[in-house]
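Residue-level listing of the chains:
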Amino acid sequence: MALPNGETVPALGQGTWQMAERASRRQEEIAALRLGLDLAMTLIDTAEMYGEGRAEELIAEAIAGRRDEVFLVTKAYPHNADRQRLIAACERSLRRLGTDRIDLYLLHWRGSVPLAETVEGFEALKQAGKIRHWGVSNFDTADMEELAAMPGGANCATNQVLYNLSHRGSEYDLLPWLAARRMPLMAYSPMEQGRLARTSALAEIARKHGVTPYGVALAWVLRRDDVIAIPKASTEEHLRENRKAADLRLDEEDLAVIDRAFPPPSRKGPLAMD
Ligand SMILES: NC(=O)c1ccc[n+]([C@@H]2O[C@H](COP(=O)([O-])OP(=O)(O)OC[C@H]3O[C@@H](n4cnc5c(N)ncnc54)[C@H](OP(=O)(O)O)[C@@H]3O)[C@@H](O)[C@H]2O)c1
């Protein structure tokens, strides 16, 4: 998977929302992230919001000694998105992550800070070598248009949005807009946060390929070559299953069955958010 500047990143990464929330699961979560790295899922997504910094600290522990293998993504709160606060928030994330650079720094969602100020902050951080790329999250097509039109706005590397079988709205105009600019979409909650609809369609396709319905859901998100998926998994079994899904190619018949069970959008709707 290529970013707009040509740098390649893994199409299958790892999410970390709700990690570092229970001390009893900490070691399991760290082991899962490390296993993910072993399985080449080296893009790790987090945010200053997750556990108010505790997820970033957990990642620091998980990637200790392996920083160079990882493509590290974190996000700033919208209330930290003016130039000065963004720089300070980035410094705090760097400290918690135990690193000197963030590979991709995202605005978590759009707030009241003018976008131009956020872009200025991102560009300043890039100049200073604190971040390597920047992007946005939960931006609909009109937000992307506005961003692209401002100075520096075209340097945006990705837009991270909710995209899964039950939330296909971005296929209507956002995905084509991004594709025209060779900007990958980063799909969050690709497996519906573990609450996948139990349909016979998915069960049948899963049986046919010898995977679980979750594997099918993830393989479906990854069927496009312009989408990066960041499932969160904290057990070895889930991680291995997810890795397997990245190699699964759904055929035309599978895709047609899925389209009947989870129809693509026929008109523009508001971008779904988590
Ligand atoms: N930008 C944003 O606004 C935004 C919003 C939401 C999420 N995100 C990012 O996207 C990441 C992924 O989204 P998500 O965590 O909301 O949802 P998700 O990845 O769709 O689902 C995670 C849930 O699915 C379970 N799971 C994982 N693999 C499985 C498998 N093979 N079979 C059955 N269950 C499985 C996990 O359980 P275990 O943990 O027990 O393995 C967990 O409960 C987040 O972690 C976060 O990094 C971003």
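Higher on the page you've got the structure.
Below you will find a few notes about this structure. (Residues numbered from 1 in each chain as written. Predicted model: local features only at pLDDT ≥ 70, side-chain atom pairs only at ≥ 80, totals over all residues. Heavy atoms only, no water.)

A closer look at the pairing of strand S4 (residues 131–137)
A regular strand places its side chains so that they alternate between the two faces of the sheet. Quick note on the threshold: Working definition: with a 1.4 Å probe on protein chains only, accessible area under 20% of the residue-type maximum means buried, over 50% means exposed, and in between means partly exposed. Counting from the N terminus, the helices are DSSP H or I runs at least four residues long and the strands are E runs at least two residues long. Think of it this way: DSSP has to see at least two bridges between two strands before they count as a pair. When the strands point away from the viewer and the connection leading from the first strand across the helix to the second strand turns clockwise, the crossover is called right-handed.
In terms of burial, S4 is largely enclosed, as six of its seven residues are buried. Across five bridges, the pairing between strand S3 (residues 102–107) and S4 is parallel. Bridging across to S4, Leu106 finds its partner in Gly135. Read as a crossover between parallel neighbours, the route from S3 over helix H4 (residues 115–127) to S4 is right-handed. Relative to strand S5 (residues 159–162), S4 runs parallel, the two being bridged by two bridges.

Considerations on the site of the ligand
Rules: One heavy atom within 4 Å of a molecule or strand makes the whole residue count as near it. Side-chain atoms alone can form a polar contact between residues adjacent in sequence; in general such a contact is a pair of N or O atoms within 3.5 Å, and within protein one must be able to donate a hydrogen while the other accepts it. Each accessible area value is a Shrake-Rupley result obtained with a 1.4 Å probe; residue values ignore everything except the protein chains displayed when judging cover.
In the vicinity of the ligand there are 29 residues, among which Asp45, Met191, Lys232, Ser234 and His238 approach most closely. For the ligand, an oxygen atom lies 2.9 Å from a polar atom in the backbone of Trp17. Contacts to the ligand include Lys232, whose side-chain N or O atom sits 2.8 Å from an oxygen atom. Protein chains bury 90% of the 900 Å² of accessible surface belonging to the ligand in isolation.

Description of the packing of aromatic side chains
Inclusion rule: Two rings belonging to Phe, Tyr or Trp (six-membered ring only in the last case) form a pair when the distance between their centres is within 6.5 Å. Interplanar angles under 30 degrees mark stacking, angles over 60 mark edge-to-face geometry, and anything in between is tilted.
By the definition in use, this model includes four aromatic pairs. Both rings, one in Tyr77 and one in Trp109, keep their centres 6.3 Å apart while their planes meet at 85 degrees; by these two values the pair is edge-to-face. Here Tyr77, found in the loop between strand S2 (71–76) and helix H3 (83–97), pairs with Trp109, found in the loop between S3 and H4; they are 32 residues apart in sequence, far enough to count as distant. Given a relative accessible area of 12%, Tyr77 falls into the buried group. Classification of Trp109 as partly exposed rests on a relative accessible area of 29%. Between the aromatic rings of Tyr163 and Trp220, the centroid separation amounts to 5.4 Å while the plane-to-plane angle is 35 degrees, which identifies the pairing as tilted.

Remember, this is a structural readout, not a statement about activity or role.
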